[in-house]
Amino acid sequence: MNNAKIITITGAAGQIGYSLLFRIAAGDLLGKDQKIILKLLDITPAMGALEGVKMELDDCAFDNVEDIVCTDDPAIAFKDADIVFMVGAFPRKAGMERADLLSKNAGIFKVQGKAINDYAKKDVKVLVVGNPANTNALIASLNAPDLDPKCFTAMLRLDHNRAKGQVAHKLGISTEDIKKVCVWGNHSSSQVPDISQMEIKGDANCPLKEDMAWIKDEFWPIVQKRGAAVIAARGSSSAASAANAAICHMRDWCLGTPKGEFVTMGVPSDGSYGIPKGVIYGFPVVCKDGKYEIVQGLPIADYVKEAMMKSYEELKGEAEEVKKILG
Ligand code: NAX
């Protein structure tokens, strides 16, 4: 009886893949005692580079890694998968319109969503990282009619971690003292970082929550545009921090969120907080026993609500465009 968990990573030969794979293999996702099988998917021209990554994984001699499969075939990659990281996506190139980007990625996520439907475990946990992440997750989910739509989630954890990092920086404290931060909406510049429920060392009374000048003129723009700032400074997009966020997201989903804390996941809206169904939206969630639930009943300030609806409108527009493309 093999109890190894099968973990599929798409876009495995890319830069996020290069950070993600070694941390998963080292046990940062499910612990060092959990045996795993890695299935690495990329496109045919990337197979040489992917073999090189596999050679390096072999050279780490990770005790818990039972097997590593490199493939360009989604049927092989998603077979019996317990966990899927969908990192591979078509990158935005100079001169490309947003509709072109949506259309290219709709093709990829349609095919892969169907393959997940046909080959993965029925309770598979899928995290979409590849952009536009929320809408790609929606496309994959719409093409997996035999699976619960809740199997498909999108990554806002990098935005969540960025928000926490900025608060820690501002207050000169450790991130471990900060709880109940979230980021509503789309993984785009319309996202809404929210500290109105924040607790510092268990105390909900923090003057920073009332500092509207800082929130609107510094905190929001820094977090919303952090991806572009990293590109400007580093010359390439966030990779290690994105891989770290992907691990945080999936680890919490599989193993549970700490008591008294919530985290942000992009999940199918169920109508909570007035966000209509039909989009994958960043919500605060708690995870337990391998399942997540949207945190209910949080009071929402008017300025947050207004921004949340704008982000929803953007996602609704993307969903409508994709429906036209997919027919
Ligand atoms: P790279 O271009 O380094 O790697 C992408 C990999 O995906 C390449 O190896 C490519 O061959 C592969 N790929 C392309 N089409 C594929 C297909 N149909 N099937 C399988 N593999 C395919 O990009 P990287 O920096 O790793 O970023 C990957 C994605 O993450 C991008 O879409 C990027 O925009 C997105 N990001 C999402 C973030 C988030 O918070 N949700 C943050 C980081 C990142 O920007």
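Residues numbered from 1 in each chain as written. Predicted model: local features only at pLDDT ≥ 70, side-chain atom pairs only at ≥ 80, totals over all residues. Heavy atoms only, no water.

Draft legend 1. Layout of unusual backbone geometry. In this structure, Pro-132 follows Asn-131 across a cis peptide bond, with omega equal to -5°. Structurally, the position occupied by Pro-132 is in the loop between strand 5 (125–128) and helix 5 (133–142). We note that Ala-61 has phi near 50°; this positive angle belongs to a residue other than glycine. Residue placement: Ala-61 occurs in the loop between helix 2 (47–60) and strand 3 (65–71). Notably, Lys-180 is not glycine yet its phi reads approximately 60°, a positive angle. You can see Lys-180 is positioned in the loop between strand 7 (178–179) and strand 8 (182–184). (Helix = DSSP H or I, 4+ residues; strand = E, 2+ residues; numbered from the N terminus.)

Draft legend 2. Structural detail: the site of the ligand. If you check the shell around the ligand, you find 21 residues, and the closest are Gln-15, Ile-16, Asp-42, Val-129 and Asn-131. Within the side chain of Asp-42, an N or O atom sits 2.5 Å from an oxygen atom of the ligand. Val-129 has a polar backbone atom sitting 3.2 Å from a nitrogen atom of the ligand. Bound to the protein, the ligand loses 80% of the 870 Å² it would expose on its own. Broken down by secondary-structure element, the contributors of at least two residues to the shell around the ligand are helix 1 (15–25) and helix 4 (98–119). (Near = heavy atom within 4 Å. Polar contact = N/O pair within 3.5 Å; in protein donor to acceptor, adjacent residues only side chain to side chain. Areas by Shrake-Rupley, 256 points an atom, 1.4 Å probe, with all protein chains shown as cover.)

Draft legend 3. Looking closely at the packing of helix 4 against helix 10 (residues 302–326). Between helix 4 and helix 10, whose axes approach to 10 Å, the crossing angle comes to 65°. Like other packed secondary-structure pairs, helix 4 and helix 10 cross with a definite hand, here right-handed. Residue-level inspection shows Arg-98, Ala-99, Leu-102, Ser-103, Ala-106 and Lys-110 of helix 4 in contact with helix 10, the latter providing Glu-318, Glu-321, Val-322, Ile-325 and Leu-326. The class makeup of the residues in the contact of helix 4 with helix 10 is 6 nonpolar, 1 polar and 4 charged. (Axes fitted to C-alpha atoms, helices over the stretch in contact; angles between N-to-C directions. Left-handed = near helix turned anticlockwise from the far one by under 90°. Contact = heavy atoms within 4.5 Å. Nonpolar A, V, L, I, M, F, W, Y, C, P; charged D, E, K, R; others polar.)

Draft legend 4. Inspection of the pattern of salt bridges at higher detail. Counting across every chain of the model gives 10 salt bridges. Between Arg-162 and Asp-159 there is a salt bridge, with its nearest N and O atoms 3.7 Å apart. Here Arg-162 pairs with Asp-159, and both are found in helix 6 (residues 157–171), just 3 residues apart, close to one helical turn. Look at Arg-162 and you get buried, because its relative accessible area is 13%. (Salt bridge = Lys/Arg side-chain N within 4 Å of Asp/Glu carboxyl O. Buried < 20%, exposed > 50% of the residue type's maximum accessible area, 1.4 Å probe, protein only.)

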